[in-house]
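This is what each chain is made of:
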Amino acid sequence: MSLTKIPQLGVLAAAMVIATSAHASKDVYADFPVTVQNYAGDKQTSVSYGGQMARHALHNSLKKIIGKGADAQQMAAYFSGKDAGREIIDPASKEGFPVKQSQVDELSKGKNLAGKTYNGAIFGFPGNMTGVEVLEFMLDQASNTATGFDPLTGYDYIQLVSKFAMGAVFYSQAVDNYLDEKLEAGNKPNSKPYKDGAAYTGKEHVWDEAFGYFGAPAHTLTLTAKDVYNIAKQKPEALAKADYNGDGMVDLKTEMAYAHAYYAASFDKGGKTNYLHTITQAYVDGRKLITAANGRDLTDTQRQQLKAYADVIKTNWQQVIAESVFKYAGSVYADIAKLEKAVANNEDASKLFRTYSKHWGELKGFALALETGGKNLGIVGVKLNRLLGYSPVLLGNTQVTGIANGEYTQAEGISMGEYRVHMIKVQKLMIDAFGVQARSKDVTAELADLVASLGSSLAAEND
Amino acid sequence: MLMEQLLLDTLIWLQELFWGWLAGLQTLLLAANKRVSVGYLVSATLVALLWFSWRHNWSVHDTLKQLYSRQIWWSRSARLDYMLVVVNQAIMLLLKPFLLGKLLVATAIYYAMADWLVPVAWSWSGLEWLVPVIYTLVLFLLDDASRYWLHHLMHRWPVLWAFHRLHHSAKTLTPFTVLRTHPVEAVLFGLRGALVQGLVTGAFVYLFGSKVSLLGVLGANGLVFMFNLLGANLRHSHVPLSYGSRVEKWLLSPAQHQLHHSQDRAHYDKNLGVVLAIWDRLGGTWLAYQPQTPLQFGVCDEYDQHDNLWQAYWQPLQQSGQAVKRVIQRWVSARQSG
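Nothing here was measured: the structure is a model prediction, and the numbers come from that model.

Chemist: Tell me about the overall build of chain B, and name the residues and values.
Modeler: Counting secondary structure elements, chain B contains 14 helices and two strands. By principal-axis analysis of the C-alpha atoms, chain B measures approximately 60 × 60 × 60 Å. The buried share of chain B, taken over its 338 residues, is 46%. Summarising the internal contacts of chain B: among those between residues at least 6 apart in sequence, 72% fall at separations of at least 24. For chain B, the computed accessible surface area is about 17,800 Å², with 68% contributed by carbon and sulfur atoms.

Written as structure tokens, this is what we have:
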């Protein structure tokens, strides 16, 4: 080596030190040590949430199955089955974005969605059913369709099932179970392993499971919202960002983005909100607190602090869902305007109707999800359900009004124009009740531009 | 450490304020929606030159002398105008965050309308162009009418006149006299603008969505642009450009506005409008311009004249306070005797 290269090496080494320290200074949800007292196993870390990642893979796959023919048997295998041999249909390896696992059992064995679905009442869907019954009913109805879409009701089961399941399984389990009663002193204590022989304490695992359901990559705090969004979309340019351990592929257990974490990222990349990092930081801080207790029961002060982190997570998570309701209400508003115009001009409206139904399915799915957080929404829930109704308003101004003998009943109701106004009110409701900030597809967005075009009247002209 | 941070934050804040203030002044002189911007000052000069050469055979020299006399532009009164423009800009910048914004009003109206009205679904074949036309027209009409109405109140109510009197205390008129305004009055003007423009914009967007836009020139309302281009700055000048009584019934001429600034009692509280004369005619305050001896501008009452900035800002507050006190005293004595 020539002497002239030595300074360059020095610079390189310094850069590497800086890079490594920058890396280390970011909080990653991984490698927390084993703190279980008298642990006899050989595990090096207490972090474990494979079951949650298996359920994310089941949910993603189920969504694909509904869209591709909605085969009853296959849907059941991914929703309520536990059998070995289930392939991960989504997220699967793509050109430029290889994933590590191809079987659900590689993430965790014997998991399903049905067993973890909210079984409280759901008011926003007809039939007086529990959350799990609603999903079963939707899957049954979907099996009668060719592509998961029923043009007679406007129900898009791909979206309805997916968006509602994200709430009824992931959100509900996290905020109404793990971050709720399981944080109490007597429940899953930190001084004992979660189950006999486990490498994690009760509280460690409770917290890990809640984190897993959110769906964020373990290294989220080293990433931007845009990165996480691109990872969920499996964009090839995001591979390097996703592949935290540098093995050339994306580990679906720790490096992939799913469900509400993806939605949080999608709003945050607009720059007005910071849901993804706020929630993930609270998870990391909570996990550090539990780890610091070192296998002993949490003191009252520690538990109070932990519950404060949990509240941050719950509030922000609910806001992410409310933002989604806001966004899709805006999409439905725009869809109705286009539909009305097409109908008035005697144009073919079938494609527009399909888009309208898709957006409505997302809107309704997220709205139903808000009901599964364990907190009664009170008047907000009532208003939201009244505004949305049980189905989109169809071109003949009819809407689903209930379920009788397992079949939907429909009746004439409000006009599409009136329904469009309902979407404005839904957005207003999300602002008033949940304080949404990102406000994608804001129907009042045109106001801001127009008002800006009027200029400021700060220097009053006096005549 | 804390002190340092505080000091730094204050410095940054002051710096932002300074640049904001400078940018505001720049806008004032360059933007197409500001009366005193350079382009309109030039156009007003041209209008005056053409008009006086055509109607009165004045030479260019005479007109320019009349327009740009040093006695007018550097009078004590005019210098106070300039100082007020500069200081007001800073005061309004500080007040801005606390003032009602147009967007807030527009959004509130938009949501309120959703409670009682379903927008009509048109097929819009070939009629889209009408929406911006109507929007621009309605905005202009309501703006003009509400300015008349507020101006009327400023003259009628002693509590408000105390502030508006500052504008009328100008003894010489230059285009910058249009900005000789007490901050309290400026806040009221801002509120009016927010309510009227917010209301119209919120309602139009609710009813017509993205089809609404402002028909403008260089970002200014097209009608306001025309008004300014055609010499609105001559309203505050010493050149009595009159349109003749036939036109003045519909459009207020610069000469009519100069009557409004006259010390003569016969001219008090007349010609309160801005562009259209119809509001004055409806309100019984319209007065045609008659060729006469040069007008004396200013106010003559028992109060002090405004000679410096302190008087300009403080005296209106004092005078308004006295007016409020009188109202309360009257109310109390009426209750006691009743």
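Structure shown, so let's carry the discussion forward.
Chemist: Residues and numbers for the overall build of chain A, please.
Modeler: Across its full length, chain A holds 16 helices and six strands. Taken against the 2.2 N^0.38 rule, which gives 23 Å for 463 residues, the C-alpha radius of gyration of chain A at 24 Å falls within 12% of a compact globule. The dimensions of chain A, computed from C-alpha atoms along their principal axes, are 75 × 70 × 50 Å. The 463 residues of chain A split such that 56% are buried. Summed over its atoms, the accessible surface of chain A is roughly 19,100 Å², and 51% of this surface lies on carbon and sulfur atoms. Of the charged side chains in chain A, 48 are positive and 50 negative; the average position of the first set lies 3 Å away from that of the second.

Chemist: Which residues make up the interface of chain A and chain B, and what values go with them?
Modeler: Across the boundary between the two partners, chain A contributes 32 residues, which contact 52 residues of chain B. Of the roughly 3,500 Å² buried between chain A and chain B on both sides combined, carbon and sulfur atoms contribute 61%. The interface formed by chain A and chain B contains five salt bridges. A salt bridge links B:Arg35 to A:Asp463, with the nearest nitrogen and oxygen atoms 2.8 Å apart. Remark: the boundary between chain A and chain B carries 13 residue pairs in polar contact (both at pLDDT 80 or more). Those elements that provide at least two residues to the side of chain A that touches chain B are helix 12 (300–344), helix 15 (416–434) and helix 16 (445–453) of chain A. Within the side of chain A that touches chain B, the residues separate by chemical class into 14 nonpolar, eight polar and 10 charged.

Chemist: Report on the packing of aromatic side chains, specifying residues and quantitative values.
Modeler: As enumerated under the stated definition, the model contains 40 aromatic pairs over all chains in all. Taking the centre distance of 6.5 Å and the plane angle of 65° together, the rings of A:Phe125 and A:Phe137 count as edge-to-face. Of this pair, A:Phe125 sits in the loop between strand 1 (121–122) and strand 2 (129–130) while A:Phe137 sits in helix 5 (residues 131–142), and the two are 12 residues apart along the sequence. Centroid distance B:Trp51 to B:Tyr243: 6.4 Å. Interplanar angle 70°. Geometry classified as edge-to-face. Of this pair, B:Trp51 sits in helix 2 (residues 38–55) while B:Tyr243 sits in the loop between helix 10 (222–229) and helix 11 (245–248); the two residues are 192 residues apart in sequence, bridging distant segments of the chain. In this structure B:Trp51 comes out as buried when scored by relative accessible area, which is 16%. Judged by its relative accessible area of 26%, B:Tyr243 falls in the partly exposed class. Geometry around A:Tyr194 places A:Lys188 over its ring, the cationic atom sitting 4.3 Å from the centre. The side chain of A:Lys269 reaches across the aromatic face of A:Tyr229, ending 4.4 Å from its centre.

Chemist: Provide a residue-level description of the pairing of strand 6 (residues 407–412) of chain A, including the pertinent values.
Modeler: Every regular strand shows the same layout, with side chains that alternate between the two sheet faces. Residues and elements named next belong to chain A. Judged from the six bridges that link them, strand 5 (residues 398–404) and strand 6 form a sheet pairing that is antiparallel. Looking at strand 6, one finds that Gly-402 is bridged to Thr-409. Here strand 5 hands over to strand 6 after two residues, with Asn-405 in that stretch at a positive phi of 50°.

Chemist: Which residues make up the environment of B:Leu179, and what are the values?
Modeler: All names here are of chain B. Along the chain, the position of Leu-179 falls in the loop between helix 8 (158–168) and helix 9 (183–208). Residue classification places Leu-179 among the buried residues on the basis of a relative accessible area of 7%. In the structure, Leu-179 is positioned 95 residues away from Leu-84 in sequence and 7.6 Å away in space, judged by C-alpha atoms.

Chemist: Which residues make up the packing of helix 12 of chain A against helix 15 of chain A, and what are the values?
Modeler: All names here are of chain A. At a closest axis distance of 9 Å, the pairing of helix 12 and helix 15 adopts a crossing angle of 160°. Of the possible angle classes, the one that applies to helix 12 and helix 15 is roughly antiparallel. Considering how the two elements wind past one another, helix 12 and helix 15 form a crossing that is left-handed. Grouping the amino acids of the contact of helix 12 with helix 15 by side-chain chemistry returns 17 nonpolar, five polar and two charged.

Chemist: Requested: an account of the pattern of salt bridges, with residues and values cited.
Modeler: Summed over all chains, the structure comprises 21 salt bridges over all chains. In the salt-bridge network here, residues are joined through shared partners; they are A:Glu461, A:Asp463, B:Arg35, B:Arg147 and B:Arg235.

Chemist: Give me the environment of A:Ala369: which residues, what numbers.
Modeler: Residue and element names in this part refer to chain A. Relative to the helices and strands, Ala-369 resides in helix 13 (residues 350–370). With a relative accessible area of 0%, Ala-369 lands in the buried category. For the pair formed by Ala-369 and Ala-238, sequence separation is 131 residues and the distance between their alpha carbons is 29 Å. When near neighbours in sequence (up to four residues on either side) are disregarded, Ala-369 contacts Lys-163, Phe-164, Gly-167, Tyr-171 and Ile-321.

Chemist: Lay out helix 8 of chain B in plain terms, naming residues and giving numbers.
Modeler: With eight of its 11 residues buried, helix 8 of chain B lies for the most part within the structure. Residues of helix 8 of chain B that are buried make contact with helix 5 (76–95), helix 7 (130–156), helix 9, helix 12 (254–260) and helix 14 (309–337) of chain B.

Chemist: Describe unusual backbone geometry, naming the residues involved and giving the relevant values.
Modeler: Residues and elements named next belong to chain A. Asp-90 connects to Pro-91 through a cis peptide bond whose omega is 0°. Positive phi values are uncommon outside glycine, yet Asn-346 reaches one of about 55°. Here Asn-346 shows up in the loop between helix 12 and helix 13. At Lys-441, a position not held by glycine, the phi torsion is positive, near 55°. Tracing the sequence through the fold places Lys-441 in the loop between helix 15 and helix 16.

Chemist: I'd like a description of the nonpolar core, backed by residues and values.
Modeler: Most often, soluble globular proteins have nonpolar side chains that are buried together. By size, the foremost hydrophobic cluster in this structure holds 163 residues, and its most contacted members are A:Tyr29, A:Ile66, A:Phe125, A:Trp207, A:Tyr283, A:Trp317 and A:Met430. Counting residues per element, this core draws most heavily on helix 12 of chain A, at 17 residues. Residues in contact with A:Ile66, not counting those within four places in the same chain, are A:Met75, A:Leu139, A:Ala142, A:Thr147, A:Gly148, A:Tyr157, A:Ile158 and A:Val161. Judged by nonpolar contacts, the second largest core, of 10 residues, contains B:Phe140, B:Tyr148, B:Phe227 and B:Leu276.

Chemist: Any details on a positive patch on the surface? Residues and values, ideally.
Modeler: Residue and element names in this part refer to chain A. Taken together, the side chains of Lys-94, Lys-226, Lys-233 and Lys-269 present a region of like positive charge at the surface. Along the chain, Lys-269 falls in the loop between helix 10 (259–268) and helix 11 (275–292). On the basis of relative accessible area, Lys-269 is assigned to the partly exposed category, the value being 38%.

Chemist: Tell me about the side chain of B:Glu185, and name the residues and values.
Modeler: Mapped onto the fold, B:Glu185 is located in helix 9. It is B:Arg147 that comes nearest to the buried, bridge-free B:Glu185 among opposite-charge side chains, at 9.3 Å. Beyond its immediate sequence surroundings of up to four residues, B:Glu185 is in contact with A:Asn462, B:Met154, B:Phe163 and B:His164.

Chemist: Describe helix 2 (residues 50–67) of chain A, and please don't skip the residues or the numbers.
Modeler: Residues three or four positions apart in an α-helix share a direction because the helix packs 3.6 residues into each turn. Residues and elements named next belong to chain A. For helix 2, with 18 residues, the first-to-last C-alpha span of 26 Å sits near the 26 Å given by 1.5 Å per residue. In terms of burial, helix 2 is a largely internal element, 15 of the 18 residues being buried. In the stretch just after helix 2, Gly-69 is the one whose phi turns positive, near 100°.

What counts, and where the lines are drawn
Residues numbered from 1 in each chain as written. Chains lettered and ligands numbered in written order. Predicted model: local features only at pLDDT ≥ 70, side-chain atom pairs only at ≥ 80, totals over all residues. Heavy atoms only, no water. Helix = DSSP H or I, 4+ residues; strand = E, 2+ residues; numbered from the N terminus. Buried < 20%, exposed > 50% of the residue type's maximum accessible area, 1.4 Å probe, protein only. Contact = heavy atoms within 4.5 Å. Areas by Shrake-Rupley, 256 points an atom, 1.4 Å probe, with all protein chains shown as cover. Rg over C-alpha atoms; globule rule 2.2 N^0.38 Å. Lys, Arg positive; Asp, Glu negative; His and termini not counted. Charge placed at Lys NZ, Arg CZ, Asp CG, Glu CD. Buried area = accessible area lost by both parts, 1.4 Å probe. Salt bridge = Lys/Arg side-chain N within 4 Å of Asp/Glu carboxyl O. Polar contact = N/O pair within 3.5 Å; in protein donor to acceptor, adjacent residues only side chain to side chain. Nonpolar A, V, L, I, M, F, W, Y, C, P; charged D, E, K, R; others polar. Phe/Tyr/Trp six-rings, centres within 6.5 Å; stacked < 30°, edge-to-face > 60°. Lys NZ or Arg CZ within 6 Å of the ring centre and 35° of its normal. Pairing = 2+ DSSP bridges. Axes fitted to C-alpha atoms, helices over the stretch in contact; angles between N-to-C directions. Parallel < 35°, antiparallel > 145°, perpendicular 65-115°, else oblique. Left-handed = near helix turned anticlockwise from the far one by under 90°. Core = buried A, V, L, I, M, F, W, Y, C linked by side-chain atoms within 4.5 Å. Patch = residues over 30% accessible without salt bridge, like charges linked within 9 Å, V, L, I, M, F, W, Y side chains within 5 Å. Expected span 1.5 Å × (residues − 1).

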